[in-house]
Amino acid sequence: TTHISIGIPGICSARWDCNKETDDCELGPVKIKYSEDLNTGNYSAHAELGYSKSFGQKKNGIFAGEISAGGGGFVEWTNNGITDAGVIASASIDAGVDIGSEKDSNGKTTTIIGAETRIGINSGPVFTGQGILSSVTLK
């Protein structure tokens, strides 16, 4: 049960559950997750810096679609120092039906097929599927 929760929608959230604090922040290409046991002072953190580019973003009537690819890096650390660091690569094909007006349209699409691969110094390679590959995870 969450006892206290505050945040700035779409940017940052903080939660305190008994003796555990959890913070999630996302600002542009930077994502940070932080968790701390307030009794012991032990913490873990994860930061990502990434960039993604959409190609062929199209809207034809009510149909919308795009192809995107991205890459970046991550680092994880605790009280004892850096525990992992590595690279991230992703790609996806999105499609959908958008019945909103041109003014209100955000190109509402769903990932048809996609994948993300993370290769960490300590964690090794991890492949995670999206869309029709969502049940595929390889470690």
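Residues numbered from 1 in each chain as written. Predicted model: local features only at pLDDT ≥ 70, side-chain atom pairs only at ≥ 80, totals over all residues. Heavy atoms only, no water.

1. Description of the overall build of the protein chain
Regarding its fold elements, the protein chain presents zero helices and ten strands. Starting at the N terminus, the α and β elements of the protein chain follow one another as β-β-β-β-β-β-β-β-β-β. Relative to the 2.2 N^0.38 estimate, which gives 14 Å for 139 residues, the radius of gyration of the protein chain is 18 Å and therefore markedly larger than a compact globule would have. Viewed in the frame of its principal axes, the protein chain has a C-alpha envelope of about 55 × 35 × 25 Å. Within the protein chain, buried positions represent 21% of all 139 residues. Counting only contacts in the protein chain whose residues sit at least 6 apart along the sequence, the fraction spanning at least 24 positions is 30%. A total of about 9200 Å² of accessible surface is found on the protein chain, and carbon and sulfur atoms cover 60% of it. For the protein chain, the distance from the average position of its 11 positive side-chain charges to the average position of its 16 negative side-chain charges is 8 Å. (Helix = DSSP H or I, 4+ residues; strand = E, 2+ residues; numbered from the N terminus. Rg over C-alpha atoms; globule rule 2.2 N^0.38 Å. Buried < 20%, exposed > 50% of the residue type's maximum accessible area, 1.4 Å probe, protein only. Contact = heavy atoms within 4.5 Å. Areas by Shrake-Rupley, 256 points an atom, 1.4 Å probe, with all protein chains shown as cover. Lys, Arg positive; Asp, Glu negative; His and termini not counted. Charge placed at Lys NZ, Arg CZ, Asp CG, Glu CD.)

2. Some thoughts on the pattern of salt bridges
If the charged atoms of two oppositely charged side chains come close together, the side chains can form a pair. Per the stated rule, a full pass over the model turns up three salt bridges. For the salt bridge of Arg 15 with Asp 24, the shortest nitrogen-to-oxygen distance reads 3.4 Å. Since its relative accessible area comes to 25%, Arg 15 is described here as partly exposed. With a shortest N-O distance of 2.9 Å, Glu 116 and Arg 118 are connected by a salt bridge. (Salt bridge = Lys/Arg side-chain N within 4 Å of Asp/Glu carboxyl O.)

3. Some details on a nonpolar patch on the surface
On the surface, a cluster of nonpolar side chains totalling about 350 Å² of accessible area is made up of Phe 55, Ile 67, Ile 93 and Ile 112. In this fold, Ile 112 is placed in strand E8 (residues 110-120). Assessed through its relative accessible area of 39%, Ile 112 is described here as partly exposed. (Patch = residues over 30% accessible without salt bridge, like charges linked within 9 Å, V, L, I, M, F, W, Y side chains within 5 Å.)

4. Description of the sheet that holds strand E3 (residues 20-27)
Across the sheet, which stays open at both edges, the ten strands sit in the order E1-E2-E3-E4-E5-E6-E7-E8-E9-E10 with antiparallel pairing between neighbours. In this open sheet, the two edge strands, each paired with only one partner strand, are strand E1 (4-8) and strand E10 (137-138). Of the pairings in the sheet, the one linking strand E9 (residues 124-131) to E10 comprises two bridges and is antiparallel in character. Bridge assignment links Phe 127 to a residue of E10, and that residue is Leu 138. (Pairing = 2+ DSSP bridges.)

5. Concerning the state of the cysteines
Scanning the entire structure with this criterion turns up one disulfide. Here Cys 12 engages in a disulfide with Cys 25; their sulfurs sit 2.3 Å apart. Residue Cys 12 is found in strand E2 (residues 12-17), and its partner Cys 25 is found in strand E3; the two are separated by 13 residues along the sequence. (Disulfide = S-S within 2.5 Å.)

6. A word on the packing of aromatic side chains
Counted by the stated rule, this structure contains one aromatic pair. The ring of Phe 74 is capped by Arg 118, whose NZ or CZ atom sits 5.8 Å from the centre of that ring. (Phe/Tyr/Trp six-rings, centres within 6.5 Å; stacked < 30°, edge-to-face > 60°. Lys NZ or Arg CZ within 6 Å of the ring centre and 35° of its normal.)

7. Describing unusual backbone geometry
One non-glycine residue with positive phi stands out, namely Cys 18, at about 50 degrees. Along the chain, Cys 18 turns up in the loop between E2 and E3.

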